[in-house]
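Observations on chain architecture
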Amino acid sequence: VKARSVELNSVSGNGTLAEVACDRVKANTISGEMGFAGLLAKGGRYILQSHSGDVTLTIAGEPGFELNASSFSGDIASAYELTSKVGGANAPKPSRMKQSMRGTWGDGSAVIELNSFSGDIKVVKK
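Residues numbered from 1 in each chain as written. Predicted model: local features only at pLDDT ≥ 70, side-chain atom pairs only at ≥ 80, totals over all residues. Heavy atoms only, no water.

Remarks on the environment of Ala37
Here Ala37 shows up in strand β3 (residues 34-50). If we ignore the near neighbours within four places in the chain, the residues touching Ala37 are Leu17, Ala18, Glu19, Val20 and Thr58. (Helix = DSSP H or I, 4+ residues; strand = E, 2+ residues; numbered from the N terminus. Contact = heavy atoms within 4.5 Å.)

Structure (structure tokens):
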């Protein structure tokens, strides 16, 4: 799919956006898993949310992004080694408490927000 923006909503089911190239994604499910697989646009914004399910973001290409992920009762994992937004070589490691992760990869041009109340969050490389 190639589009300027994509919006996906589900009340009781999984949602998956695969091979997507767009500037804006807003995807939400109440009861199910939510997934996105595709390229990130420079300056793009990607919001994936699930109340009671896992959220998985599979990134293709050489992205630059700023990540803000949170889960009330799930784990968060990223295949990218993020750096703090406040910068330089001596910058502290990204904040990584049990239920949140914030940081930047590459030029930080795309913004990613991933949220799940009771599910795991994963950021993986394609």
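Here's the deal with the confidence of the model for the protein
Of the residues in the protein, 89% reach a pLDDT of 70 or more, and the chain-wide mean stands at 89. Taking the mean pLDDT of every element in the protein, the minimum, 45, falls on strand β7 (residues 96-97) and the maximum, 97, on strand β9 (residues 110-116). (pLDDT = per-residue confidence, 0-100.)

Focus: unusual backbone geometry
The backbone of Glu19 sits at a positive phi, close to 50 degrees, despite the residue not being glycine. Position of Glu19 relative to the elements: it lies in strand β2 (residues 15-29).

As for the nonpolar core
In terms of nonpolar packing, the biggest core is built from 27 residues, with Phe36, Leu48, Phe65, Leu67, Ile112 and Leu114 touching the most fellow members. Elements that contribute at least two residues to this core include exactly β2, β3, β4 (55-60), β5 (65-71), β9 and β10 (121-125). In terms of residue count, β3 provides more of this core than any other element does, six residues in total. Once residues lying within four places of it in the same chain are set aside, the contact partners of Leu48 are Val25, Ala27, Met34, Phe36, Val55, Thr56, Leu57, Glu113, Leu114 and Asn115. (Core = buried A, V, L, I, M, F, W, Y, C linked by side-chain atoms within 4.5 Å. Buried < 20%, exposed > 50% of the residue type's maximum accessible area, 1.4 Å probe, protein only.)

Brief notes about the pattern of salt bridges
Throughout the structure, instances matching the rule amount to three salt bridges. A salt bridge links Lys122 to Asp54, with the shortest nitrogen-to-oxygen separation between them at 4.0 Å. Residue Lys122 is found in strand β10, and its partner Asp54 is found in the loop between β3 and β4; the two are separated by 68 residues along the sequence. With relative accessibility at 33%, the residue Lys122 sits in the partly exposed group. (Salt bridge = Lys/Arg side-chain N within 4 Å of Asp/Glu carboxyl O.)

Concerning the pairing of β5
With burial as the criterion, only one face of β5 is covered, namely that bearing Phe65, Leu67, Ala69 and Ser71; the residues Glu66, Asn68 and Ser70 on the opposite face remain uncovered. When β5 meets strand β8 (residues 100-105), the two strands line up antiparallel, connected through six bridges. Looking across to β8, one finds that Asn68 is bridged to Arg102. Note: β5 against β9, seven bridges, orientation parallel. (Pairing = 2+ DSSP bridges.)

Some remarks on the packing of aromatic side chains
Going through the model one piece at a time under the given rule, you end up with four aromatic pairs. Between Phe72 and Phe117 the ring centres are 4.8 Å apart and the planes differ by 0 degrees, which places this aromatic pair in the stacked class. Note that Phe72 is positioned in the loop between β5 and β6 (76-78) and Phe117 in the loop between β9 and β10, a separation of 45 residues in sequence. Judged by relative accessible area, Phe72 falls into the exposed class, the value being 56%. (Phe/Tyr/Trp six-rings, centres within 6.5 Å; stacked < 30°, edge-to-face > 60°.)

Looking at the environment of Ser10
Note that Ser10 resides in strand β1 (residues 5-10). Linking Ser10 and Glu33, residues 23 residues apart in sequence, is a C-alpha distance of 9.8 Å. Ignoring anything within four residues of it in the chain, the contact list for Ser10 reads Asn28, Thr29 and Ile30. Of note is the side chain of Ser10, whose polar atom sits 3.2 Å from the backbone oxygen of Gly13. (Polar contact = N/O pair within 3.5 Å; in protein donor to acceptor, adjacent residues only side chain to side chain.)

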